[in-house]
Amino acid sequence: MSCFCPKIDHPAGIRDAWPGSRKAKAKSKSGPKPTQSTLQATPDEYIGRIDNAEGWHFVIDTLCDIYELPDLTTRSGLKKVHANFEAIYRRLDKAYEKHASNEKITGGIAGIYAKMSADVLLRNKLFDKGFLKRLIPLLKVEASRHLVLRALSSITHNGGDKVRMEIARESNYLAKYMQDFPDDIVGSELTVAILSHCLTSVVFFEHESAAPDVYRSLQLPLIIQAVTSAAKRPSASAYTVDHANKLICMATLNCTAACLSVPSSINFVVCGLRSKDWAFRCMCLGGLIRLHRREAQEDTRYRDPMKLMAAIQRGFPGHITEILFNYGLERCETTLTLKSSSNFQKAMMQCAQDHDLYKLGLTIADLIPRTEFSVAQGMFQSENPTTGEMETIDIGLPFVMWEDSLPHCAKAIRARGNPADADKADILDIKFYIIRQRLHDAFDLARKGIQRNPNCAYFYYALGLRTSKKGLKCKQITPFLKFQLMQRAVDHAGDMGINKLQDASELGDQAWQEGIAFLTSALEDSRVYIQQAPPDTRYMKNVLYWNILLRLTIQGPEMSTDLHELNTARRQLKLADEISALVGMPSPATYLRLTQATVLRLYAQAAEEWDAIIAMRDEESNNIDDDEPHHHHGPNCNHDQTTEDEIAAWVDGLQLDDTKPQRKPGPQRLHPKINSNHVELYRCSWCGNPSAILRKCSNCADARYCDPSCQKSHWSDHKKRCKVGS
């Protein structure tokens, strides 16, 4: 089906920025014009002025005059750069080559590139021209190092994957630089930000890194140690702590050995659970969970009835027997499993005699929602009189293995044509699909079942995590299904809450509110489960793991360092482990089990090592102005006119709509997200990329796009608000 999508107009005054358009010659910057010779070489008088300059601000302004650059601190100036990009780049690149040995000229050109890179489309053009090859060598020049670090920090903050991957190749050098110059506060802060921006996509992956060669080249222990040490210094800003924390938390999945080789980095993440910042705590919890994903074992999926029988024959210890009796022996999972297994076998023996698949199907369909292990693995056998061994026999039924009876029973039920039995036939087929790991078939049939009968809880159980809450509201629900859905709801809400809060852009936004709601829902469900579920259910351990981790995350700094608040949960976990071992199902080392064990083991020492740093980070976060982002900010800096202060003032000096930038009194902040774009660059309505020359929707003039592909992707949403779509 086709849909109408309006064309996109070029913003007024910049039609020359796109292929095939025309524009009048741009006006030069006001002030004395250099002669034509200055476009070919830098006159000696200018070189003298540059060499004798005391600050980068003067150097860069002089270079802008020499090469007739428009005002890079305004939106209109950046539009002119777009319009004359090829000529401007040739001038700067030729000057760089001619004066490669002059640190001030090469550094000044690097600063100009940094300013241009605030516009994402200009940054892409510069990258395609290979400008990083000009910037990277300047890292090794002391005079221009901070300038280049600031440029790279700004570039990687809003940079695309290609740019970040290229800069990531210098990660080992950057980490070594931090170790060699531990007292360089500004340099360390910028370097941590660069590493965090460019390495996250390299080290965080499921199967293979986006840049395998870069990943293999990384000296990961060196990088983790350098970043951890930078965050631990008393002078570290919240900006440094945040970026260091994000890098380590994202690295734990595929750089586990490197993280474990720096114990302080793990303590850093554990202590992050004591922050006052919800998003920070969730970032840390996510990092700790990922730390154990690669080594974790799968949860036990099969309970051996023979081991269960043997455990019952041996008898449980007195304290466990008392707990089971107090709960109600007939309601315990052990009793229900044995009873269902016995009833299943009796039904099979009856079917062997009467071959009534309809009757067998009704019996099994009634057993399935009562316990997880309702379908016993077995077959019809008899003893070979010659060998004395048990052999499978054919008794005239259309199946050999008992579990293979399910689809035949479902077919027999449907053949009767009784609408009241439709759910039972679907339950049999769904159970068979789950046993055979044909999950897509199980999902499809469960969805169809819900359309017919939305009150059958088993259909929601079959669909998995996302429908758990809906399933709990069903009228047709057994205790087994109730607690299965509840523990899945805990698992789903816990994961969703962590992800939502990590993605929240600021305190109180929709993602933040949803994240809080998910986590509090998961914690409440875990408490109900622990109070009401059978003490011998095999999922008790998993819910207790979540309960412990959620309480630590939600209560944060309110938890004591000795964690005495968790003593009851710890005792319950010990009991669940003991019961599992008795029935032949020792607790596997799942990722949740390993995560909570790590946190409980390290919590006290982590607090001792990192509490002061986390408290400083939280205090600095609270001091951010209300109109600035609530997460991500930089340190307070002195106002002495150091080199880096001056270049920061210039790089951060973009103006709004060609007016003078209105700087607030008070400390300057280094974070490029706050300071590098005082000009209100347009942002693509689809992908969010900033630029001064985005095309606007020709119909409403409100939406702006990088190119037609972004507009097309956004159209399904934008057409609801576009004037033409109304």
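Cut-offs and rules
- Residues numbered from 1 in each chain as written.
- Predicted model: local features only at pLDDT ≥ 70, side-chain atom pairs only at ≥ 80, totals over all residues.
- Heavy atoms only, no water.
- Helix = DSSP H or I, 4+ residues; strand = E, 2+ residues; numbered from the N terminus.
- Buried < 20%, exposed > 50% of the residue type's maximum accessible area, 1.4 Å probe, protein only.
- Contact = heavy atoms within 4.5 Å.
- Areas by Shrake-Rupley, 256 points an atom, 1.4 Å probe, with all protein chains shown as cover.
- Phe/Tyr/Trp six-rings, centres within 6.5 Å; stacked < 30°, edge-to-face > 60°.
- Lys NZ or Arg CZ within 6 Å of the ring centre and 35° of its normal.
- Polar contact = N/O pair within 3.5 Å; in protein donor to acceptor, adjacent residues only side chain to side chain.
- Salt bridge = Lys/Arg side-chain N within 4 Å of Asp/Glu carboxyl O.
- Axes fitted to C-alpha atoms, helices over the stretch in contact; angles between N-to-C directions.
- Parallel < 35°, antiparallel > 145°, perpendicular 65-115°, else oblique.
- Left-handed = near helix turned anticlockwise from the far one by under 90°.
- Nonpolar A, V, L, I, M, F, W, Y, C, P; charged D, E, K, R; others polar.
- pLDDT = per-residue confidence, 0-100.
- Disulfide = S-S within 2.5 Å.
- Arc of directions from axis to C-beta.

1. Side note on the overall build of the chain
Move 1: The secondary structure content of the chain amounts to 34 helices and 7 strands.
Move 2: Within the span of the chain, comprising 726 residues, buried residues form 55% of the whole.
Move 3: Counting only contacts in the chain whose residues sit at least 6 apart along the sequence, the fraction spanning at least 24 positions is 69%.
Move 4: Surface accessibility of the chain: about 33300 Å² in total, with carbon and sulfur atoms responsible for 51%.

2. Structural notes on unusual backbone geometry
Excluding glycine, residues mostly have negative phi values, and the peptide bonds linking residues are mostly trans.
Move 1: One non-glycine residue with positive phi stands out, namely glutamate 68, at about 50°.
Move 2: Assignment of secondary structure puts glutamate 68 in the loop between α2 (56-66) and α3 (75-83).
Move 3: Here glutamate 68 falls in the partly exposed class, since its relative accessible area comes to 26%.
Move 4: Positive phi, close to 55°, is recorded for histidine 355, a residue that is not glycine.

3. Describing the packing of aromatic side chains
Move 1: For the structure shown, the criterion picks out 13 aromatic pairs.
Move 2: Their ring planes at 40° and their centres at 6.3 Å tell us that phenylalanine 380 and phenylalanine 399 sit as a pair that is tilted. Taken as a pair, phenylalanine 380 in the loop between α21 (357-367) and β2 (381-383) and phenylalanine 399 in the loop between β3 (390-392) and α22 (405-416) lie far apart in primary sequence, 19 residues in all. One exposure class covers both phenylalanine 380 and phenylalanine 399, and it is buried.
Move 3: Consider the rings of phenylalanine 432 and tyrosine 433, whose centres lie 6.4 Å apart with planes at 55°: the pair is tilted.
Move 4: Among the residues examined, phenylalanine 432 registers a relative accessible area of 11% and is labelled buried.
Move 5: By way of ring pairs, the aromatic residues Phe85, Tyr89, Tyr113 and Phe131 are connected into one cluster.
Move 6: Taking the ring centre of tyrosine 591 as reference, the NZ or CZ of arginine 293 above it sits at 4.0 Å.
Move 7: Seen from the ring of tyrosine 327, arginine 331 lies directly overhead, with NZ or CZ sitting 4.0 Å from the centre.

4. As for the side chain of glutamate 333
Move 1: Relative to the helices and strands, glutamate 333 is located in helix α20 (residues 333-354).
Move 2: On the basis of relative accessible area, glutamate 333 is assigned to the buried category, the value being 12%.
Move 3: Separated by 3.4 Å, the side chain of glutamate 333 and the backbone nitrogen of arginine 538 make a polar contact.

5. Notes on the environment of cysteine 249
Move 1: As for its placement among the helices and strands, cysteine 249 is situated in helix α14 (residues 238-251).
Move 2: Accessibility expressed as a relative area gives 0% for cysteine 249, which makes it buried.
Move 3: The spatial distance from the C-alpha of cysteine 249 to the C-alpha of glycine 286 is 7.0 Å, given a sequence separation of 37 residues.
Move 4: Aside from chain neighbours lying at most four places away, what touches cysteine 249 is Val269, Met283, Cys284, Gly287 and Arg290.

6. Some words on the pattern of salt bridges
Move 1: For the structure shown, the criterion picks out 25 salt bridges.
Move 2: The residue aspartate 441 makes a salt bridge to arginine 438 at a minimum N-O spacing of 2.9 Å.
Move 3: The structure contains a network of salt bridges with shared partners spanning Arg414, Asp423, Asp426, Asp429 and Arg452.

7. Focus: the packing of α22 against helix α23 (residues 422-435)
Move 1: Across the interface, α22 lies against α23 with an axial gap of 8 Å and an inter-helix angle of 165°. Viewed along their axes, α22 and α23 adopt a mutual orientation that is roughly antiparallel. Both α22 and α23 take part in a crossing whose hand is left-handed. Only Lys424, Ala425, Asp426, Leu428, Asp429, Lys431, Phe432 and Ile435 of α23 make contact with α22, whose side of the interface consists of Leu406, Pro407, Cys409, Ala410, Ile413 and Arg414.
Move 2: Here the contact of α22 with α23 is built from residues that sort into 9 nonpolar, no polar and 5 charged.

8. Quick look at the side chain of threonine 256
Move 1: Turning to its location among the elements, threonine 256 is positioned in helix α15 (residues 256-260).
Move 2: Given the relative accessible area of 18%, threonine 256 is considered buried.
Move 3: Those residues in contact with threonine 256 that sit more than four places away from it in its chain are Ala251 and Leu291.

9. Brief notes about the confidence of the model for the chain
For any part of a model where pLDDT is low, the fine detail of the predicted coordinates should not be relied upon.
Move 1: For the chain, per-residue confidence averages 82 on the pLDDT scale, and residues scoring 70 or more make up 82% of the total.
Move 2: Mean pLDDT values over the elements of the chain span from 30, in helix α33 (residues 672-675), up to 98, in helix α16 (residues 263-271).
Move 3: Per-residue pLDDT stays below 50 along residues 625-644; that stretch engages in 56 contacts with residues further than four places along the chain or on separate chains.

10. A look at the packing of α16 against helix α31 (residues 591-622)
Move 1: Their axes nearest at 7 Å, the elements α16 and α31 cross at an angle of 85°. Comparing their axes, α31 and α16 come out roughly perpendicular. Of the residues in α31, those touching α16 at Ser264, Ile266, Asn267, Phe268, Val270 and Cys271 are Thr598, Val599, Leu602, Tyr603, Gln605, Ala606, Ala607, Glu609, Trp610, Asp611 and Ile614.
Move 2: Among the residues making up the contact of α16 with α31, the classes are represented as 11 nonpolar, 4 polar and 2 charged.

11. With respect to the environment of phenylalanine 204
Move 1: Counting through the fold element by element, phenylalanine 204 comes out in the loop between α11 (185-203) and α12 (212-217).
Move 2: Not counting residues up to four positions away in its chain, the partners in contact with phenylalanine 204 are Met250, Leu253, Asn254 and Arg290.

12. Re the state of the cysteines
Move 1: Under the defined criterion, the tally for this structure stands at 0 disulfides.
Move 2: Considering cysteine sulfurs only, cysteine 284 is the nearest to cysteine 249, which forms no disulfide, with 4.5 Å between them.

13. Observations regarding the environment of lysine 176
Move 1: Considering the arrangement of structural elements, one finds lysine 176 in helix α10 (residues 171-180).
Move 2: It is 9.9 Å that separates the C-alpha atoms of lysine 176 and glutamine 219, two residues lying 43 residues apart in sequence.

14. What about helix α19 (residues 318-327)?
Move 1: Turning to α19, its buried residues number three or more, namely Ile320, Leu324 and Tyr327. What you see down the axis of α19 is that its buried residues fit within an arc of 65°, all on one side. α19 presents Gly318, Glu322, Phe325 and Asn326 as exposed residues on the side facing more than 90 degrees away from its buried surface.
Move 2: Where α19 terminates, the next one or two residues include glycine 328, which has phi positive at roughly 120°.

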